[in-house]
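Residue-level structural notes
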Amino acid sequence: MSFDNLLIERDAAVGVITINRPKVLNALNNSTLDELRRAALELKRDEAIRAIVITGSGDKSFVAGADINEFLEQSPASGRDHALAGQHVFDLIENLGKPVIAAVNGYALGGGCELAMACTLRIAANTARFGQPEINLGLVPGYGGTQRLPRLVGKGKAMELILTGSPISAEEAERIGLVNRVVPAAELLTEARRIAGLLAAQAPIATAYIIHAINHGVEMPFAQACAYEATLFGLAFATDDMREGTRAFLEKRKPVFRGK
Ligand code: COA
């Protein structure tokens with residue numbers, strides 16, 4: 001499959017997607033969003049790939065938001081469709097069933113911050129900046145920002161970030177729980193690939209169940225979510241990987257998980 005605005009690399013069990021529109025700081029136009037959807041589906045279906053890293057090309061920007069050049073032509077109906085299309089892609093990434101790590105190498109603004117939030121984990125360069133500046137354009141976040149941000153950092157901080165539109169540093173993003181870890185910019189990709197490699201070595205079916213349990217469970221009443229967790233716990237006993245993991249522990253060796 002070929003892409004005009006993405007670079008795709010396969011490094012053993014880790015797939016790396018690089019959003020590659022550096023002239024516009026990797027802004028997401030419609031075709032890039034659609035390529036992201038196709039790339040996510042391709043890597044989801046590829047059994048050899050067990051974890052994914054998403055980053056932006058260059059050292060200035062992860063993604064500087066939706067492509068503002070496409071905004072002036074929008075009507076209320078097409079604007080709504082545009083938001084729904086973006087939400088669909090980010091929901092797909094969030095629920096891919098494989099860990100997706102955002103390696104945030106610079107600006108993560110608007111749709112860039114929303115893309116990072118849809119990922120399973122976020123590792124940021126110390127030079128990264130995060131924000132939802134839509135309000136400065138007279139707009140509202142449209143790719144899930146008003147919903148994922150409060151779930152990650154709490155309602156008060158989300159209100160502040162979205163209503164002021166002011167970006168925050170990587171250190172502040174880590175302090176409020178928006179990113180998992182901040183590393184020196186030069187080490188970002190190595191560290192993101194290292195963590196992706198660790199997650200890729202885990203049992204793939206249990207990994208998918210955990211992602212589903214957390215993503216869906218937090219939206220359910222507690223008792224129902226725990227019942228869902230118990231079902232997934234039970235289902236894991238149907239896997240060869242459960243037997244392999246348990247035997248490996250008892251035999252004091254490293255397990256080799258095959259995703260069966
Ligand atoms: N959509 C389209 N083009 C964008 C863009 C976006 N979201 N973000 C940046 N660009 C373009 C700029 O128009 C500029 O193009 P040009 O070279 O043809 O003039 C190029 O990328 C470089 O950006 P520039 O603004 O010159 O860089 P900067 O270092 O001065 O500022 C930002 C960087 C990220 C602070 C600034 O580009 C910005 O505020 N971008 C918009 C962020 C935003 O509002 N995103 C949410 C959209 S809903």
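These numbers were taken from a predicted model, which means no experiment stands behind them. (Residues numbered from 1 in each chain as written. Predicted model: local features only at pLDDT ≥ 70, side-chain atom pairs only at ≥ 80, totals over all residues. Heavy atoms only, no water.)

**Some details on the nonpolar core**
With 47 residues, the main nonpolar core has Ile54, Phe130 and Leu178 as its most contacted residues. Listed in part, the 14 residues of the second largest apolar core include Val14, Val16, Ile101 and Ala103. (Core = buried A, V, L, I, M, F, W, Y, C linked by side-chain atoms within 4.5 Å. Buried < 20%, exposed > 50% of the residue type's maximum accessible area, 1.4 Å probe, protein only.)

**Examining the side chain of aspartate 241**
Take aspartate 241: it is sitting in helix α10 (residues 240-250). We note that aspartate 241 is buried and unpaired, the nearest opposite charge coming from arginine 258 at a distance of 5.5 Å. Looking at aspartate 241, its side chain comes within polar contact range of the main-chain nitrogen of glycine 259, at 2.8 Å. Discounting residues that sit within four places of it in the chain, aspartate 241 has contacts with Ala203, Pro204, Phe257, Arg258, Gly259 and Lys260. (Helix = DSSP H or I, 4+ residues; strand = E, 2+ residues; numbered from the N terminus. Lys, Arg positive; Asp, Glu negative; His and termini not counted. Salt bridge = Lys/Arg side-chain N within 4 Å of Asp/Glu carboxyl O. Polar contact = N/O pair within 3.5 Å; in protein donor to acceptor, adjacent residues only side chain to side chain. Contact = heavy atoms within 4.5 Å.)

**Some points on the pairing of strand β7 (residues 121-125)**
Most of β7 sits out of view: four of its five residues are buried. The pairing of strand β5 (residues 100-104) with β7 spans four bridges and is classified as parallel. Within the sheet, the bridge partner assigned to valine 104 lies in β7 and is alanine 124. In terms of strand pairing, β7 meets strand β10 (residues 181-183) through three bridges, oriented parallel. (Pairing = 2+ DSSP bridges.)

**Some remarks on the pairing of strand β2 (residues 14-19)**
Summarising burial for β2: six of the six residues are buried, a large majority. Of the two faces of β2, the one lined by Val14, Val16 and Thr18 and the one lined by Gly15, Ile17 and Ile19 are each fully buried. Where strand β1 (residues 6-11) and β2 come together, six bridges link them in antiparallel fashion. Bridge pairing in β2 links leucine 6 to isoleucine 19. Counting the residues between successive antiparallel strands, the hairpin from β1 to β2 contains two residues, one of them, alanine 12, with a positive phi of roughly 55 degrees. Inspection of the sheet shows β2 paired to strand β3 (residues 51-56) by six bridges, in the parallel sense. In the sheet register, isoleucine 17 faces β3, and the bridge partner there is isoleucine 54. Once you follow β2 into helix α1 (residues 30-45) and on to β3, the crossover reads as right-handed. (Right-handed = clockwise from strand over helix to strand, strands pointing away.)

**A look at the sheet that holds strand β4 (residues 61-63)**
Read from one edge of the open sheet, four strands run β4-β6-β8-β9, paired in mixed fashion. Only two strands of the sheet have a single neighbouring strand rather than two, namely β4 and β9 (168-169). Inspection of the sheet shows strand β8 (residues 129-131) paired to β9 by two bridges, in the antiparallel sense. Pairing of phenylalanine 130 across the sheet is with isoleucine 168, part of β9. Contacts from helix α3 (residues 111-118) reach β4, β6 (107-109) and β8 within the one sheet, and its direction differs from that of β4 by about 75 degrees. (Axes fitted to C-alpha atoms, helices over the stretch in contact; angles between N-to-C directions.)

**Overview of the site of the ligand**
Taken together, 16 residues form the shell around the ligand, and within it Lys60, Ala64, Ala66, Asp67 and Ile68 come nearest. A distance of 3.4 Å separates an oxygen atom of the ligand from a polar backbone atom of lysine 23. One nitrogen or oxygen atom from the main chain of alanine 66 is found 2.9 Å from a nitrogen atom belonging to the ligand. A total of 860 Å² of accessible area belongs to the ligand in isolation, and the protein chains cover 57% of it. Class assignment for the residues of the shell around the ligand results in 11 nonpolar, one polar and four charged. (Near = heavy atom within 4 Å. Areas by Shrake-Rupley, 256 points an atom, 1.4 Å probe, with all protein chains shown as cover. Nonpolar A, V, L, I, M, F, W, Y, C, P; charged D, E, K, R; others polar.)

**Considerations on a nonpolar patch on the surface**
Together, Ile68, Leu137 and Leu139 give the surface a local cluster of nonpolar side chains, amounting to about 260 Å² of exposed area. On the basis of relative accessible area, leucine 137 is assigned to the partly exposed category, the value being 47%. (Patch = residues over 30% accessible without salt bridge, like charges linked within 9 Å, V, L, I, M, F, W, Y side chains within 5 Å.)

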